[in-house]
Amino acid sequence: MSVSAVAADSSVCAPLAVLGRDVTVPLVTGGEVTYAALDYAASAPALQRVWDDVAAYAPYYGSVHRGAGYLSQLSTDLFENSRTTVAEFLGCREGDQVVFTRSTTDSLNLLAAALPADCQVFVFETEHHASLLPWRDARVTYLNAPRTPDEAVQTLERALADRDPYGPALVCVTGASNVTGELWPVRELAAAAHAHGARIVLDAAQLAPHHPVSIDELDVDWVAFSGHKLYAPFGSGVLAGRSDWLRAAEPYLAGGGASRKVARRADGGVDVEWHDTAARHEAGSPNVIGVYSIASACKALTEAGFDELVAREQHLIGTVRAGLAEVPQVRILSLFGDDAPRVGVISFVVDGWNSSHFAAALSAEYGIGVRDGLFCAHPLVRTLLGSEPDEPGECGAPEAAPGEKSLNAIRVSFGAGTPDEHVERFVRAVKELVADGARWNYRTEDGRCVPDTSAAV
């Protein structure tokens, strides 16, 4: 199914069961309401299926790769079977490795540590900080934000062709923006990279929860993503792809599990023989529960069917975008335009509103959780807002008081567990706040806008 396919309605499938779907929260205006979690781009709620699988395994918890006992052997099998499940989910090629990490950030820092000498890295300014910042020990070329997918490919081709000296190179690109939700031309960028002798790593943190990701079909060299965005608990991530740079690099962490053999030398030193498998970069006792939860989420999404999940999400995107389009004061942020294919991530600003104030009112008066700030993608949001590079603004901690202009935006995001009612309530709330204003007074506390509990408007 095309990533831009749009369903006429959401009847193709029901939302998947997630933890917290029945949680109620108090409203500052009185009473309680079922919480509308619309911040999936930061962390998606865990699938009930994942939680149940982890709970069923928990009594059998044992140390992985480190024991002859039954529970240790069972846990080791579960851990390695999870690796196989993730490899299948990502369409890994023969010879690819799946390395378990703590997060997308951790995965990309691991790859940065494995770069060969004199490697040059090319990264668009549009990246999340997880993929913008890890390349501190490499020669980095930052590329300006493109305004069309074709421009992205052309910009990359020019930069790669002009590199001097012509040596090892790596391109890092997102699959779906954590700010605009827009899909990037990954396959075309991969072709451009390979045509110029470079490799490419895909930051799939925002793509993998919403669309199938195949290393083989996209022809990328590596993929990185986080469990907590894929409907699994916090603390686990994946770096999957080519093994040669990973085998040649010093272990990301030195310690037990990464070493195959350690022996004292006659001169009193230590000789170490490191593993050349994924274990080389998985030192220490592994997070078997986190790994198993990722594998469970991969299975759950595959079994639910991405065609149905994508169709339903496109319906929700249409509901939100159509609703916001009816409010002249709202401006949706976009690089590629209204017709660009996208996932359920939409950022916007509201004329006359400080973004932190608006997000606080959505939470306190409507029980809706969204994100405000620069979304750990400061250069991109600054570009989209047309700001100067040194204009004040922080990630998730705006300094402006209610009613004052701030260099920040509001982000609503959703996915496989989002009911229609949540996005419909969000649209109604936006319209009411813009038309009638907040019903409560707010103040700035520790850099955040919060309800003033002393009095209402």
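Everything numeric here is computed off the predicted structure, so don't read it as measured data.

## Quick word on the sheet that holds strand 16 (residues 371-373)
Strand pairs in the sheet, formed through backbone hydrogen bonds, run parallel or antiparallel to each other.
Next, step 1: Taken in spatial order, the four strands line up as 13-14-17-16 in an open sheet, and their pairing is antiparallel. Where the open sheet ends on each side, the last strands, each with one partner, are strand 13 (330-332) and strand 16. The mean inter-strand angle of the sheet, taken between neighbouring strand axes irrespective of direction, is 30 degrees.
Next, step 2: Sheet topology places strand 13 next to strand 14 (residues 345-350); three bridges connect them, and they run antiparallel. Residue pairing in the sheet places Arg331 in a bridge with Val349 of strand 14.

## A closer look at the packing of aromatic side chains
Aromatic ring pairs are described here by two measures, namely the spacing of the ring centres and the angle between the planes.
Next, step 1: Across all of its chains, the model carries 10 aromatic pairs by this definition.
Next, step 2: With 5.5 Å between their ring centres and 65 degrees between their planes, Phe79 and Phe100 make a pair best called edge-to-face. With Phe79 in helix 2 (residues 70-89) and Phe100 in strand 4 (residues 97-101), the pair connects residues that are 21 residues apart, well separated along the chain. Like Phe79, the residue Phe100 is buried in the burial classification.
Next, step 3: Over the ring of Tyr166 we find Arg163, and its NZ or CZ is 3.9 Å from the ring centre.
Next, step 4: The ring of Tyr366 is capped by Arg439, whose NZ or CZ atom sits 5.2 Å from the centre of that ring.

## A short note on the side chain of Thr101
Next, step 1: If you trace the backbone, Thr101 turns up in strand 4.
Next, step 2: Thr101 has contacts with Asp106, Ser107, Leu110, Gly235, Ser236, Gly237, Val238 and Leu239, leaving out every residue within four places of it along the chain.

## Some points on the pattern of salt bridges
For side chains bearing opposite charge, pairing can occur when the charged atoms are close.
Next, step 1: By the definition in use, this model includes 21 salt bridges.
Next, step 2: Ionic pairing is found between Arg411 and Asp39, a salt bridge with its closest N-O pair at 3.4 Å. Placement of the pair is Arg411 in strand 17 (residues 409-413) and Asp39 in the loop between strand 3 (36-37) and helix 1 (48-57), with a sequence separation of 372 residues.
Next, step 3: Residue classification places Arg411 among the buried positions, given a relative accessible area of 1%.
Next, step 4: Between Asp420 and Arg312 there is a salt bridge whose closest N-O contact spans 2.5 Å. Of this pair, Asp420 sits in helix 13 (residues 420-436) while Arg312 sits in helix 10 (residues 306-325), placing them 108 residues apart in sequence.

Conventions used here
Residues numbered from 1 in each chain as written. Predicted model: local features only at pLDDT ≥ 70, side-chain atom pairs only at ≥ 80, totals over all residues. Heavy atoms only, no water. Pairing = 2+ DSSP bridges. Helix = DSSP H or I, 4+ residues; strand = E, 2+ residues; numbered from the N terminus. Axes fitted to C-alpha atoms, helices over the stretch in contact; angles between N-to-C directions. Phe/Tyr/Trp six-rings, centres within 6.5 Å; stacked < 30°, edge-to-face > 60°. Buried < 20%, exposed > 50% of the residue type's maximum accessible area, 1.4 Å probe, protein only. Lys NZ or Arg CZ within 6 Å of the ring centre and 35° of its normal. Contact = heavy atoms within 4.5 Å. Salt bridge = Lys/Arg side-chain N within 4 Å of Asp/Glu carboxyl O.

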